[in-house]
Amino acid sequence: MPKRVETIVLHDSSTPVIGDIQTGGVVKLLSIDSLLNQARAHSLWPLTFGLACCAIEMMSTVASRFDLARFGSEAFRATPRQADVMIIAGRLSKKMAPVLRQIYDQMPEPKWVISMGACASSGGVYNNYAIVQGADQVVPVDVYVPGCPPSPDALIYGVLKLQEKIKTRKGNKLIELTPRTLEQDMPAEVLA
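Residues numbered from 1 in each chain as written. Predicted model: local features only at pLDDT ≥ 70, side-chain atom pairs only at ≥ 80, totals over all residues. Heavy atoms only, no water.

Peer 1: Please give an account of the overall build of the protein that cites residues and values.
Peer 2: What the protein contains, in helices and strands, is 7 helices and 6 strands. In the protein, the succession of helices and strands from N to C terminus is β-α-β-α-β-α-β-α-β-α-β-α-α. Out of the 192 residues belonging to the protein, those deemed buried represent 32%. Looking at the protein alone, contacts between residues at least 24 apart form 76% of all its contacts between residues at least 6 apart. Accessible surface, the protein: about 11900 Å² in total, of which carbon and sulfur atoms supply 56%. (Helix = DSSP H or I, 4+ residues; strand = E, 2+ residues; numbered from the N terminus. Buried < 20%, exposed > 50% of the residue type's maximum accessible area, 1.4 Å probe, protein only. Contact = heavy atoms within 4.5 Å. Areas by Shrake-Rupley, 256 points an atom, 1.4 Å probe, with all protein chains shown as cover.)

This is the structure:
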């Protein structure tokens, strides 16, 4: 009996053609972790932690000119229990550091931190006894956004870098199967 190979068609007559999708395209298989990381990366809920002038730039990223919502981060949260990204915007005083840590501990897992501005990242021009010389001394920081204050574009770039980091977390494997590799990898009983 000859082998019979059936092609999975991505388009039928009742479905409109979108973009450059063609019949017999590539089938992508993902692990559950990879699928969850893709979803997490594109649905970040930032926690506002504005401490100084960088907070004004952070607020302007959600305005119509820059529109952070395009990248899946439109829902800024005021409570740590509903947020998964903390944006530390501005200088962090030693008096405020325990509050920052307490709020960080209240955030659910997985959680990430963006340090925005020179003051939050390294103390900036405030090299004295009252300012923490980098937020990474209090909480683990995933992305640093440089500048004094950084522009909203820079914060958006930082969010995009965080999304890349979330997508490429350990254990993610993407397997692409073309119709040719499907024929090679399928058992003979399935193809017959």
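Now that the structure has been shown, we can carry on.
Peer 1: Before we move on, can you summarise the nonpolar core with the specific residues and values?
Peer 2: Counting residues in hydrophobic clusters, the biggest one holds 20 residues, and the most contacted among them are Ile114 and Leu162. Elements that contribute at least two residues to this core include exactly helix H2 (54–60), strand E3 (85–89), strand E4 (112–116), strand E5 (143–145) and helix H5 (152–167). Looking at this core, the element that brings in the most residues is H5, giving 5 residues. Judged by nonpolar contacts, the second largest core, of 18 residues, contains Ile88, Val113, Ala120 and Ala135. (Core = buried A, V, L, I, M, F, W, Y, C linked by side-chain atoms within 4.5 Å.)

Peer 1: Could you give an account of the environment of alanine 89, naming the residues involved and the relevant values?
Peer 2: Mapped onto the elements of the fold, alanine 89 is located in strand E3. We classify alanine 89 as buried; its relative accessible area is 0%. Expressed as a C-alpha distance, the spacing of alanine 89 and phenylalanine 49, which sit 40 residues apart in the sequence, is 6.3 Å. Filtering out sequence-adjacent residues up to four positions away, alanine 89 remains in contact with Phe49, Gly50, Leu51, Ala52, Cys54, Ala55, Met58 and Met116.

Peer 1: Requested: an account of the packing of helix H1 (residues 32–41) against H5, with residues and values cited.
Peer 2: How two helices pack is summed up by the angle between their axes together with the distance between the axes. Packing of H1 against H5 leaves a shortest axis separation of 8 Å and a crossing angle of 170°. When the interaxial angle is binned, H1 and H5 end up roughly antiparallel. Where H1 crosses over H5, the two elements pack in a sense that is right-handed. Counting all contacts with H1, which are made through Asn37, Gln38, Arg40 and Ala41, the residues of H5 involved are Gln163, Ile166 and Lys167. Tallied by class, residues from the contact of H1 with H5 come to 2 nonpolar, 3 polar and 2 charged. (Axes fitted to C-alpha atoms, helices over the stretch in contact; angles between N-to-C directions. Parallel < 35°, antiparallel > 145°, perpendicular 65-115°, else oblique. Left-handed = near helix turned anticlockwise from the far one by under 90°. Nonpolar A, V, L, I, M, F, W, Y, C, P; charged D, E, K, R; others polar.)

Peer 1: So what's going on with helix H3 (residues 97–106)? Which residues, and what values?
Peer 2: Among the residues of H3, those classed as buried are Ala97, Leu100, Ile103 and Tyr104. Summarising the axial view, the buried residues of H3 lie within an arc of 125°, below the 170-degree limit, and thus occupy one face. Among the structural elements, strand E2 (46–50), E3 and E4 are those in contact with the buried residues of H3. (Arc of directions from axis to C-beta.)

Peer 1: Any chance you could break down the sheet that holds E2 for me, citing the residues and the numbers?
Peer 2: Across the sheet, which stays open at both edges, the 4 strands sit in the order E2-E3-E4-E5 with parallel pairing between neighbours. The two strands at the open ends of the sheet, each matched to only one other strand, are E2 and E5. Taking each pair of neighbouring strands and ignoring which way they run, the sheet shows an average axis angle of 20°. Pairing analysis gives 5 bridges linking E3 to E4, with the strands arranged parallel. Bridged to methionine 86 within E4 is valine 113. Lying over the sheet, H3 contacts E2, E3 and E4, oriented at roughly 165° with respect to E3. (Pairing = 2+ DSSP bridges.)

Peer 1: Tell me what's going on with the environment of asparagine 37, and back it up with residues and numbers.
Peer 2: Tracing the chain through its elements places asparagine 37 in helix H1. Accessibility expressed as a relative area gives 3% for asparagine 37, which makes it buried. Sequence separation between asparagine 37 and threonine 168 is 131 residues, and the spatial gap between their C-alpha atoms is 7.9 Å.

Peer 1: Can you lay out the pattern of salt bridges for me, pointing to particular residues and giving the numbers?
Peer 2: In total, this model carries 4 salt bridges according to the counting rule given. Put simply, arginine 101 and aspartate 105 hold a salt bridge, and the shortest N to O gap is 3.2 Å. Taken together, the positions of arginine 101 and aspartate 105, both in helix H3 and 4 residues apart, correspond to about one turn of that helix. The partly exposed category is assigned to arginine 101, whose relative accessible area is 32%. Judged by its relative accessible area of 47%, aspartate 105 is partly exposed. Ionic pairing is found between glutamate 164 and lysine 161, a salt bridge with its closest N-O pair at 3.5 Å. Within this pair, glutamate 164 and its partner lysine 161 are both found in helix H5, separated by 3 residues, close to a single helical turn. (Salt bridge = Lys/Arg side-chain N within 4 Å of Asp/Glu carboxyl O.)

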